[in-house]
Amino acid sequence: MSETKKKMSVLDFRKYKEQSKKFTYVTAYDYTTASIVNDSQTEVILVGDSLGMVMLGYSGTTGVTLDEMIHHIRPVVKGAPNTFIVGDMPFGSYNVSIEDAIKSANRIMKEGGADCVKLEGGVEFADTVAAIVKAGIPVMGHIGLTPQTTSQLGGFKVQGGTPESAEKLLADAKALEAAGAFSIVVECVPSVVAKALTKALTIPVLGIGAGPDVDCQVLVLQDMLGMYGDFKPKFVKLYANLRTAMVEALNEFHTEAEAGTFPSPEYSFNAKVEGYE
Ligand code: KIV
C-alpha cells in the first residue's frame with residue numbers, strides 16, 4: 001500500500017478545488033479490485049450502478065437493485081480503507097418519494113459503509129438532495145449523460161451540445177450546489193461546457209467524457225484497464241489491456257495442463273507416502 005496515502009474527506013473535495021489540485025476517481029465493485037485501487041494514488045472509488053453492466057451482465061443500469069449495490073459496496077469498503085468510497089443510488093431507490101430516498105441513502109451508509117451517496121438528476125432532484133443532506137448524508141450529484149435515464153435521453157449521447165441544453169446543465173449544477181451537494185459528476189458533455197460549469201461552481205466538477213478542464217477525472221476501471229469487452233466509449237483511454245493479458249495467461253495455463261507440464265514439482269506436494277509411487 002502507498003504509505004503516504006491519506007483518506008480524503010468530504011471537506012477535502014472543496015479544498016482540492018480551491019488549491020487547483022486535480023484528483024482521480026475510478027469504479028470498483030469487489031474486495032480485490034478495491035484493494036488494488038487502494039494501493040494506487042487514486043483518491044476516490046465509486047461503487048457505481050455500472051456494476052449492472054460490468055459485473056452482472058445486464059444491458060443497462062436501471063435493473064440494479066439497492067440490495068445489489070449494498071452487496072458490492074461492503075467488500076469495496078473493506079478493501080480500500082484509505083480511499084473515499086461513493087455508493088451509487090440505483091434507479092427506483094430515490095425517485096418515488098423523498099422519504100424513500102432518505103431511507104435508501106441511510107441503507108447505503110449504514111449497511112454498505114460508504115462515505116457518501118451519489119444520485120443522478122438536476123433541478124428536478126434538488127429537493128431530494130437537500131433532504132438527504134439535511135438527514136446528515138453527503139451527496140454527490142450526477143448530471144449530463146445520466147445512464148439510468150438513457151431511454152428518456154434517447155440513448156448514450158453527448159449532452160449540452162446546444163446553447164439551450166448547456167444552459168440547462170448550468171441550471172442543474174447550480175441547483176445541486178445550492179441544495180448542498182458537495183461535488184458533481186458531469187458525464188459526456190463538450191469540454192467547453194464542462195469548463196464553464198467548473199468555473200461557475202465552488203464545488204468540484206468530476207468529469208467523465210467531459211474534457212480536461214474539470215477538477216477531477218473519472219473512469220470506469222474495467223474500461224480503462226481494457227477488461228470490459230462489450231463496449232468502449234470514445235472518452236476511454238486504455239491504460240492497460242488486461243483482457244488480452246488474462247486470455248493469454250489462461251491459454252498458457254490450458255496449454256501446460258494439456259501437455260502435463262503443469263504442475264511441475266515446484267507446484268506440487270512431493271512427500272513420499274509408503275505404498276504409493
Ligand atoms: O455507475 C457508474 O459507473 C457511474 C459513472 C459513469 C460515473 O455513474
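Residues numbered from 1 in each chain as written. Predicted model: local features only at pLDDT ≥ 70, side-chain atom pairs only at ≥ 80, totals over all residues. Heavy atoms only, no water.

Turning next to the site of the ligand. The immediate surroundings of the ligand are formed by Thr 27, Leu 46, Gly 48, Asp 49, Ser 50, Asp 88, Lys 118, His 142, Glu 187, Ile 208 and Val 220. Residue Asp 88 places a side-chain N or O atom 3.3 Å away from an oxygen atom belonging to the ligand. Alone, the ligand offers 260 Å² of accessible surface; in the complex the protein occludes 96% of this. In terms of residue class, the shell around the ligand is built from 3 nonpolar, 4 polar and 4 charged. (Near = heavy atom within 4 Å. Polar contact = N/O pair within 3.5 Å; in protein donor to acceptor, adjacent residues only side chain to side chain. Areas by Shrake-Rupley, 256 points an atom, 1.4 Å probe, with all protein chains shown as cover. Nonpolar A, V, L, I, M, F, W, Y, C, P; charged D, E, K, R; others polar.)

Attention now goes to the pattern of salt bridges. Per the stated rule, a full pass over the model turns up 9 salt bridges. Measuring nitrogen to oxygen at the nearest pair gives 2.9 Å for the salt bridge that ties Asp 215 to Lys 17. Of this pair, Asp 215 sits in the loop between strand E7 (205-208) and strand E8 (216-219) while Lys 17 sits in helix H1 (residues 10-18); the two residues are 198 residues apart in sequence, bridging distant segments of the chain. Of the two residues, Asp 215 and Lys 17, neither departs from the other in class, the shared state being buried. (Salt bridge = Lys/Arg side-chain N within 4 Å of Asp/Glu carboxyl O. Helix = DSSP H or I, 4+ residues; strand = E, 2+ residues; numbered from the N terminus. Buried < 20%, exposed > 50% of the residue type's maximum accessible area, 1.4 Å probe, protein only.)

In this section: the pairing of strand E1 (residues 23-27). Buried residues dominate E1, accounting for 4 of its 5 residues. In the sheet, E1 pairs with E8 via 4 bridges, with the strands oriented parallel. Its bridge partner being in E8, Thr 24 is matched across the sheet by Gln 217. By the bridge criterion, 3 bridges tie E1 to strand E2 (residues 44-47) in an arrangement that is parallel. Across the sheet, the residue bridging to Val 26 is Ile 45, located in E2. In this region the chain leaves E1, passes through helix H2 (residues 31-39) and returns to the parallel neighbour E2; the handedness of that crossover is right-handed. (Pairing = 2+ DSSP bridges. Right-handed = clockwise from strand over helix to strand, strands pointing away.)

For the rest of this paragraph, the subject is the packing of aromatic side chains. Aromatic ring pairs are described here by two measures, namely the spacing of the ring centres and the angle between the planes. For the structure on display, the rule yields 8 aromatic pairs. On the numbers, 5.9 Å between centres and 40° between planes, the contact of Phe 262 with Tyr 267 is tilted. Taking relative accessible area as the criterion, Phe 262 reaches 33% and is therefore assigned partly exposed. (Phe/Tyr/Trp six-rings, centres within 6.5 Å; stacked < 30°, edge-to-face > 60°.)

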